[in-house]
Amino acid sequence: MPITILCAADLWGTKLNYEVLFVSPPSLGDLQQKVESVFGPELAVRRPPDVPQSQSFAIDRIQTFDERSQQWVELLTPAQLQDFSQVYIFQKENDYHREVQSKIPPPVPAPITRSYTSASPVPSIPRTSYPAMNTFSSHHGPVPSSYKSAHMVPGIGTPFVGTPSHVVSQAQLASHESSSAFVGPTVPFPEKQRSVFDELTSKNARGFNVDSFTTVLHRLRIEYPSHTIGDMFRKADVNNDAIISYDEWRTLSELYPTLLDSLYFRIKDYWTDNRQHQDMETAKRRLQELREREREARIASMEQQAVTAGQEQKVALQTATAQEAQQREKDAKTVLEAAHDDTERGRQELRDRHIDQNQFKEHERSKQLAVLEAQREVEAVQRRLAVQEVESVKGEEVLKEMERRVAEQRRELDRLHSVTDKVRGELAAAHSAERLATMALQDAQRDTQTASERVLLAETEVTARQEREREVAMCHRESQSETSRQLAKRDIEERELQACKEKETAKTAVEQETSRFVEEQDDYVQRLERENSDLNVKRRQVEEEERSLLEQELRIREMRDSLEENETRLRNEQRTFHSAHGRGATAADTTNSPLRGSPARKSSLAFGLASGTPMGVMPSVSPSGLPTSLRFDSVLKFESAPALSAIPAPARGISPARSMIA
């Protein structure tokens, strides 16, 4: 499913925000690769004049905007990337780059990365595209940064746009293969002359000397003898200033087209090999960085695992502490319940004591009422006794007064005495009842006192039990608080453990991702090495096939030079002969002089070599102006050689553009 990521970065103090499209949810490596391919060329285009070319787009870290927390967080896993997620790429800060805090602009579509393929025209090489070969001290020296531009030698592909990241896709590898091959449009002969001359000439120089020429030939493994190189240089140096100018070089390259062709393509091979070695060194450095990151990620993962293990121990210890606190809370609750039950029992006993006390008080009140009743009865009896005593006194008085009525009154007196005795008995009984009631009252009062003491004791005990219950309740509340604190600590430790596990998972994912990057980068390095090795093998094969052609061209040029010398000698002898016999000017004197390298001369030589004229026979002009054949077998002896136009092109197996015929 296609996904769009909004990628923002700071380029030379300006914020850019591009919509980068992926055909499927990308990994972190794919995202970094795409970001480098998008912002790398843009960084180069916007580079200020005072910043060196070596300053490239290097990713330090990436952050993404979390919609839930509304904050910028580190991008650690691909799961954080959603459709239209906003990410910000931090570059490595240096003397030329500092992150500037400013508003991120609205996103715009990412620019299309332009590159040249084998089917597209390649810009012609500017003079300052890369320095001449004779300025390098070794075959595999560092390639200047200006060589990385899109302006390459005609016929060679273009390099990667931007620095290759640690993840190289198959499309990039295919592009690299096509850029490493020698497929390209046929290069005109004058352009070959200019390109090779620029390589042989130092910067701002008007030509090259024999030492530079010899150095380049040996570096390109064109093993000409020193005297052959010297002869070629002397013949080309028309003005004898020890410098081959461009015009002189054109003449020399026209005389040796196979050498020019070989120099042109070997120079291309040289720079291609140099670029491949630089790519391999860059890839190896990147591989070393990735391995270091993998080691750091592995160490970080191991450290995080140790932190997670320690956190798990903390969680286990805190869980045990919380369980102990919960057990103490349960014990305190049990004690509190027992104290509460004991307090309830004390309160029930207190209520029972209050009931007994009330009953005893009620009994005491009834006894008091009985005593009062007995006292009232005693008082009533005493009053009756007093009345009876008064009546007895009156009777005695009556008895005294009425002695005659003694008999009658004696009976009445006996009756009154008996009544008095009876009342006295009742009084004694009343006194006895009063004493008994008083004793019962005293007993009731003692019982009431005992009940009151028991009530006070029960109240004291209830108060003590309530105090103990309050203490137990306080202990229970403290236990609950301690349990809550321990459970909160356990929750915190568990959250920290979960965070540690998430960090461990993230670091493990980073480690695995880095390991995958290392494997891919290692495969990429091995592929570059195999590609370079295959290219070198092909170069050696082509150079082996080309060696015979170069030797053949030298032999043909030597034969041409010999033919020219012999022709000049014969013409001189002919002019001397005609002068000696007074024949005047000949047809040979009226024709143009056979200048070396002239088109007419080359045509005649090519005709003589390519036609059916046998070797050793030179077409010439008779005194009558008719063509004749002059033989000089006795003057020059050499083997028969094929015509120059019949020399086959080197079997490079790559492109017809490698033909030696301009």
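Our structure's up above, just so we're on the same page.
Now for a look at the structure at hand.

1. Considerations on the pairing of strand E5 (residues 85–91)
Each regular strand displays side chains that alternate between the two surfaces of the sheet.
For step 1, the next point in the chain: Among the seven residues of E5, seven are classified as buried, and the element is accordingly described as predominantly covered.
For step 2, the next point in the chain: Alignment of strand E1 (residues 3–11) against E5, held across five bridges, turns out to be parallel. When the bridges of E5 are listed, Cys7 appears paired with Val87.
For step 3, the next point in the chain: Inspection of the sheet shows strand E3 (residues 59–66) paired to E5 by five bridges, in the antiparallel sense. When the bridges of E5 are listed, Gln63 appears paired with Tyr88.

2. Some remarks on helix H3 (residues 189–200)
For step 1, the next point in the chain: Across its 12 residues, H3 extends 17 Å between first and last C-alpha, which sits within 8% of the 16 Å expected from 1.5 Å per residue.
For step 2, the next point in the chain: In terms of burial, H3 is largely enclosed, as nine of its 12 residues are buried.

3. Details of the packing of H3 against helix H6 (residues 246–255)
For step 1, the next point in the chain: Close contact between H3 and H6 brings their axes to 10 Å; oriented N to C, the two are set at 120°. Regarding the angle of H3 to H6, the classification is oblique. Judged by the sense of rotation from one axis to the other, the crossing of H3 with H6 is right-handed. Contacts between H3 and H6 involve Phe189, Pro190, Gln193, Arg194, Val196, Phe197 and Leu200 on the former and, on the latter, Tyr246, Trp249, Arg250, Ser253 and Glu254.
For step 2, the next point in the chain: For the contact of H3 with H6, a count of residues per class yields seven nonpolar, two polar and three charged.

4. Thoughts on helix H1 (residues 28–45)
For step 1, the next point in the chain: Along its 18 residues, H1 runs 26 Å from first to last C-alpha, staying within 8% of the 26 Å computed at 1.5 Å per residue.
For step 2, the next point in the chain: Within the span of H1, buried status applies to Leu28, Gly29, Leu31, Gln32, Gln33, Val35, Glu36, Val38, Phe39, Gly40, Glu42 and Leu43.

5. Some details on the nonpolar core
For step 1, the next point in the chain: Phe213, Tyr224, Trp249, Leu259 and Leu263 are the most contacted members of the largest nonpolar core, which totals 32 residues.
For step 2, the next point in the chain: Of all elements in the fold, only H3, helix H4 (210–219), helix H5 (226–236), H6, helix H7 (257–401) and helix H8 (406–580) reach the threshold of two or more residues within this core.
For step 3, the next point in the chain: With eight residues, the single largest contributor to this core is H7.
For step 4, the next point in the chain: Apart from the residues within four sequence positions on either side, Leu259 is in contact with Phe213, Leu217, Ile222, Tyr224, Met232, Leu550 and Glu553.
For step 5, the next point in the chain: Core analysis: the second largest hydrophobic core is formed by 24 residues, Cys7, Leu11, Val20 and Leu43 among them.

6. Focus on the packing of aromatic side chains
For step 1, the next point in the chain: Counted by the stated rule, this structure contains 10 aromatic pairs.
For step 2, the next point in the chain: Between Tyr264 and Phe265, the aromatic rings sit 5.1 Å apart at their centres with planes inclined by 85°, giving edge-to-face as the arrangement. The residues Tyr264 and Phe265 share a single accessibility class, namely buried.
For step 3, the next point in the chain: Members of the aromatic cluster, joined through ring pairs, are Phe197, Phe208, Phe213, Tyr246 and Trp249.
For step 4, the next point in the chain: The ring of Phe90 has Arg61 sitting right over it, with the charged end atom 4.1 Å from the ring centre.
For step 5, the next point in the chain: Above the plane of the ring of Tyr246 lies Arg194, whose end atom (NZ or CZ) is 3.8 Å from the centre.

7. Considering the pattern of salt bridges
For step 1, the next point in the chain: Following the criterion strictly, the structure yields 34 salt bridges and no others.
For step 2, the next point in the chain: The partner of Glu74 in a salt bridge is Arg61, and the shortest N-O contact between them spans 2.9 Å. With Glu74 in strand E4 (residues 71–74) and Arg61 in strand E3, the pair connects residues that are 13 residues apart, well separated along the chain.
For step 3, the next point in the chain: With a shortest N-O distance of 2.4 Å, Arg295 and Glu292 are connected by a salt bridge. Placement of the pair is Arg295 and Glu292 together in helix H7, with a separation of three residues, close to one helical turn.
For step 4, the next point in the chain: Residue Arg295 is classed as partly exposed on the basis of its relative accessible area of 39%.
For step 5, the next point in the chain: Members of the salt-bridge network, linked through shared partners, are Asp342, Arg345, Glu461 and Arg465.

Thresholds applied
- Residues numbered from 1 in each chain as written.
- Predicted model: local features only at pLDDT ≥ 70, side-chain atom pairs only at ≥ 80, totals over all residues.
- Heavy atoms only, no water.
- Buried < 20%, exposed > 50% of the residue type's maximum accessible area, 1.4 Å probe, protein only.
- Helix = DSSP H or I, 4+ residues; strand = E, 2+ residues; numbered from the N terminus.
- Pairing = 2+ DSSP bridges.
- Expected span 1.5 Å × (residues − 1).
- Axes fitted to C-alpha atoms, helices over the stretch in contact; angles between N-to-C directions.
- Parallel < 35°, antiparallel > 145°, perpendicular 65-115°, else oblique.
- Left-handed = near helix turned anticlockwise from the far one by under 90°.
- Contact = heavy atoms within 4.5 Å.
- Nonpolar A, V, L, I, M, F, W, Y, C, P; charged D, E, K, R; others polar.
- Core = buried A, V, L, I, M, F, W, Y, C linked by side-chain atoms within 4.5 Å.
- Phe/Tyr/Trp six-rings, centres within 6.5 Å; stacked < 30°, edge-to-face > 60°.
- Lys NZ or Arg CZ within 6 Å of the ring centre and 35° of its normal.
- Salt bridge = Lys/Arg side-chain N within 4 Å of Asp/Glu carboxyl O.

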